[in-house]
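Spelled out, the chains give:
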Amino acid sequence: MVDKHLLLGDEALALGALHAGLSGVYAYPGTPSTEITEYIQRHPLAKERGIHCDWCTNEKTAMEAALGVSFAGKRALVCMKHVGMNVCADAFVNSAVTGANGGLVIAACDDPSQHSSQNEQDSRFYADFAMMPCFEPSNQQEAYDMVQEAFDYSEANHIPVLMRLTTRMAHSRAVVRQAHQPAPENELHFPPKDRERFWVTLPGISRARVKELAEEQAKFRQDSELSGDNMYKDGPDHSRGIVTCGIAYNYLMENFPEGCQYPVLKVTRYPFPTRLLKKMTGSCKTILVIEEGQPLIEEKLRGLLYDENEGNGFVKVKGRLDGTLPRTGELNPDHVRNALGLEPLDAFGEAKMTVPRPPALCQGCGHRDFYTALNAVLKKYDGAKVFGDIGCYTLGYMSPFNAIHSCVEMGASLTMAIGAANSGVWPSVGVIGDSTFTHSGMTGLLDAVNSKADITLCISDNLTTGMTGGQDSAGTGKLERICAAIGVEEDHIRTIVPLPKNYPEMEKVIEEEINYHGVSVVICRRECIQTAKRHLAAKNR
Amino acid sequence: MKKDIILSGVGGQGILSIATVIGWAALEENLHLKQAEVHGMSQRGGDVQSNLRLSSVPIFSDLIPKGECDLILSLEPMEALRYLPWLSRTGWIVTNTTPFVNIPNYPAIDDIMAELHSVPNVITLDCDAIARETGSPRSANMVLLGASAAVMDIVGPDKLREGIAAIFSRKGDAIVAANIAAFNAGLEESKKFSK
């Protein structure tokens, strides 16, 4: 059976997981990973089999729930954007210590060039220091095939596997061929007797397990070297060797449609296949490393004693660290062409009549009305600071609002507001969205209540996870009760509706709560204009 | 045979529907295809583009190299110019002339049009007006697709019409007919430009 599908890299990974006998996907939305979970949610097999695919509150709860699935012997997939790895890092790193029972695959989607992110950290580093195998497909078909391989490998070697995609693969479509029928789900079964103690990470137990994990690295490396995923292809010209990782391989080959004349090591699986590299280091005295993301392999090849003139004693290493390729940002065929020393293609120059068109809050968006009211109030105070958070409303930094002074990571708004208030800032205002609040704001609010911080927290509630396209938000319909249960005084949990006609009332409420010297929460609630349009269209259909 | 296409516009204008129709037609013709899309923050009124690559031989890169693009298909005139460095010297620009002004420093439209017409192969048409004239004001993107059909080569107008029918079929026959009418009007308009 061969079936053709036109799929995003994310969707190819999702379909591969379904066909591998997945029992549950656990995820928090984040560009460019969101479409993995959405694909599974829409797929008939998910309904037919009752595969868990509801959104989780954050990446940590997702990772932990998936670990529970693995404990129960079934196959689980965890999906997140790269910075989500920071949120679930404790669970992720320790999942290598407990090990996996049912196959456990973590899909991390990195965003080099920061199309929709606050940094461009490379998730391969997490796999490296957690001592976990990492699979990095270079195209959509490999994403489909390799996720199935990853589940098998995870189960056979009782180790979770990190699957890394980058934006350009996650959000690019190509034809994927399905070669077999979906595998059945695993039956419920618990860790075997000789491994069950490892699920309790008391130091006396996990010390032995960490030692075992370190010893297993040699096997993981050998498996990676022997697997067909990593490929060494010789070429006639040994003046240089090329190491490419993941999607970067495509940019290399784009420049050599008739085949590359240099020896090429294509890496799609880690630990790094050292033995394959040695095939080129005998004769190639220069190695060009082309990797999407941060220079993980390049740094390892150089080593600490690297000398720009002498190389590392064996070879000279070229790549992002010596400026052969850009130090940061996403690669493309043109960067790689330049790094190879090929002439640039003949092209028009930049047009003169273009100006940047940055993203902006939608017309009619409730966040706009909220910021208009907030700005009107804060004009009356000297020294007011507004600590923002991650979501559409971060665009409140842009003109004409210029309304926020910080945005760091999920949840930092209200906790930074606490610290600033402790340091004498007043008014100290936090602005957070509903989904971000339940993701990482609730514990901070408890800190605020316990320390009686003089802050005003504004929850701009649009009843959805907006920036990523309108996924369910964990706190919808529960925010007032959550704040009350955490200990915010009921008189200081206020709800307003952000509309131009309500500006006077909105300003009055915000001002009253700023003037209250304690923890107050202003919930500013109106449905996201995008989801509202969609709901209306669905109703009229 | 290959055709590298950049679809451009402003978030929310509907470039992905164009890509979906071309993609459907390309698969029917058993062509290789890669289509890189923009999701996330830029979709909020920012500039968006999609790199669509069609070829009779396997395609490596999801991104089109500079100077290799055969066709820029744009729902907005300034956004067509943004991708000029990617256009091949023999490539075509097919663009809507209706500006989407959501920034304070949008250049004078006459200057934009002058620069567009400095490119050797360009088809400009008011997709919004033509869509309104055909009674389907929301089908400006299909007008643009129709106009591009004259220079698309690798997939023909009939296959693209079949694509429109397939993609919009779940929305009913009236919607399919409106989109095909818009497509035909765009194709007709493009004949005023010499190929």
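Cut-offs applied
- Residues numbered from 1 in each chain as written.
- Chains lettered and ligands numbered in written order.
- Predicted model: local features only at pLDDT ≥ 70, side-chain atom pairs only at ≥ 80, totals over all residues.
- Helix = DSSP H or I, 4+ residues; strand = E, 2+ residues; numbered from the N terminus.
- Rg over C-alpha atoms; globule rule 2.2 N^0.38 Å.
- Buried ≥ 20, exposed ≤ 12 C-beta atoms within 10 Å, placed from the backbone.
- Contact = placed C-beta atoms within 7 Å.
- Nonpolar A, V, L, I, M, F, W, Y, C, P; charged D, E, K, R; others polar.
- Pairing = 2+ DSSP bridges.
- Core = buried A, V, L, I, M, F, W, Y, C linked by C-beta atoms within 7 Å.
- Axes fitted to C-alpha atoms, helices over the stretch in contact; angles between N-to-C directions.
- Parallel < 35°, antiparallel > 145°, perpendicular 65-115°, else oblique.
- Left-handed = near helix turned anticlockwise from the far one by under 90°.
- Expected span 1.5 Å × (residues − 1).
- Domains from an automatic or database assignment.
- Arc of directions from axis to C-beta.

This brings us to the overall build of chain A. Check the secondary structure of chain A and you find 21 helices and 18 strands. A compact globule built from 541 residues should have a C-alpha radius of gyration of about 24 Å, and chain A, at 26 Å, falls within 12% of that. Principal axes of the C-alpha set define a box for chain A whose edges measure 75 × 65 × 55 Å. Burial status across chain A gives 53% buried among its 541 residues. Across chain A, every contact between residues at least 6 apart in sequence was considered, and the portion connecting residues at least 24 apart equals 78%.

In many analyses, interface size is given as the accessible surface area lost on bringing the parts together. Listed as interface residues are 39 residues of chain B and, on the opposing side, 40 residues of chain A. Secondary-structure elements contributing two or more residues to the side of chain B that touches chain A are α1 (15–28), β2 (32–36), α2 (77–82), β5 (87–96) and α3 (109–117) of chain B. Among the elements that make up the side of chain B that touches chain A, the one with the highest residue count is β2(B) (4 residues). Considering only residue class, the side of chain B that touches chain A consists of 16 nonpolar, 12 polar and 11 charged.

Moving on to the pairing of strand β2 (residues 22–27) of chain A. Residue and element names in this part refer to chain A. Of all 6 residues making up β2, 6 are buried, and the element is well covered by its neighbours. Examined bridge by bridge, β2 and strand β3 (residues 75–81) share 5 bridges and lie parallel to one another. Bridged to Ala27 within β3 is Cys79.

Of all hydrophobic cores here, the largest spans 208 residues; its most connected members are A:Ala27, A:Val78, A:Val105, A:Ala107, A:Val147 and A:Ile290. In this view, A:Val105 contacts A:Ala17, A:Leu77, A:Val147, A:Ala150, A:Phe151, A:Ser154, A:Val161 and A:Met163; residues no more than four positions away in its chain are not counted.

The subject of this paragraph is the environment of A:Leu15. Residue and element names in this part refer to chain A. Along the chain, Leu15 turns up in helix α1 (residues 9–19). Note on Leu15: 25 C-beta atoms within 10 Å, which makes it buried. A sequence separation of 25 residues divides Leu15 from Ile40, and the C-alpha atoms of the two residues are 7.4 Å apart.

What follows covers the packing of helix α5 (residues 140–152) of chain B against helix α7 (residues 173–190) of chain B. Residues and elements named next belong to chain B. For the pair α5 and α7, interaxial distance at closest approach is 6 Å and the crossing angle is 45°. Considered as vectors, α5 and α7 are oriented oblique to each other. At the point where α5 passes α7, the crossing takes the right-handed sense. On the side of α5, the interface is formed by Met142, Val143, Leu144, Leu145, Gly146, Ala147, Ala149 and Ala150, while α7 contributes Asn179, Ala182, Phe183, Asn184, Ala185, Gly186, Leu187, Glu189 and Ser190. Each residue belonging to the contact of α5 with α7 can be placed in one class, and the counts come to 11 nonpolar, 5 polar and 1 charged.

On to α7(B). Residues and elements named next belong to chain B. Spanning 18 residues, α7 covers 26 Å between terminal C-alpha atoms, matching the ideal 26 Å at 1.5 Å per step. Three or more residues of α7 are buried, namely Ala178, Asn179, Ile180, Ala182, Phe183, Ala185, Gly186 and Ser190. Here the buried face of α7 lies against β6 (122–125), α4 (127–133), α5 and α6 (157–168).

This brings us to unusual backbone geometry. It is generally the case that most residues other than glycine have a negative phi and that most peptide bonds are trans. For the bond running from A:Thr31 to A:Pro32, omega is 10°, close enough to zero to count as cis. Tracing the chain through its elements places A:Pro32 in the loop between β2 and α2 (34–42). The backbone of A:Met131 shows a phi angle near 60°, a positive value even though the residue is not glycine. Phi at B:Asn30 is positive, roughly 60°, even though this residue is not glycine. Along the chain, B:Asn30 turns up in the loop between α1 and β2.

Residue and element names in this part refer to chain A. Assigned domains of chain A: these are domain 1 (3–226), domain 2 (232–348) and domain 3 (366–533). One C-alpha centre belongs to domain 1, the other to domain 3; they are set 34 Å apart. Counting residues at the interface gives 11 residues for domain 1 and 11 residues for domain 3. Here the residues of the side of domain 1 that touches domain 3 sort into 5 nonpolar, 6 polar and no charged.

Strand order in the open sheet made by the 8 strands is β1(A)-β7(A)-β2(B)-β3(B)-β1(B)-β4(B)-β5(B)-β6(B), with mixed pairing throughout. At either end of the open sheet lies a strand with only one pairing partner, and these are β1 (3–8) of chain A together with β6 of chain B. For this sheet, the mean angle separating the axes of adjacent strands, direction not counted, is 20°. Those strands touched by α1(A) are β1 and β7 (172–178) of chain A, and its axis lies near 130° from that of β1(A). Strands in contact with α3(B) are β5 and β6 of chain B; relative to β6(B), the strand with the most contacts, it is inclined by about 150°.

Here the focus is helix α6 (residues 89–98) of chain A. Residues and elements named next belong to chain A. For α6, every residue scored as buried is listed here: Ala91, Phe92, Ser95, Ala96 and Thr98. Seen end-on, α6 carries its buried residues on one side only, within an arc spanning 165°. Those residues of α6 that are buried are in contact with α4 (59–71), α5 (84–87), β4 (104–110), α7 (124–130) and α10 (203–226). Just past α6, the residue Gly99 takes up positive phi, approximately 80°.

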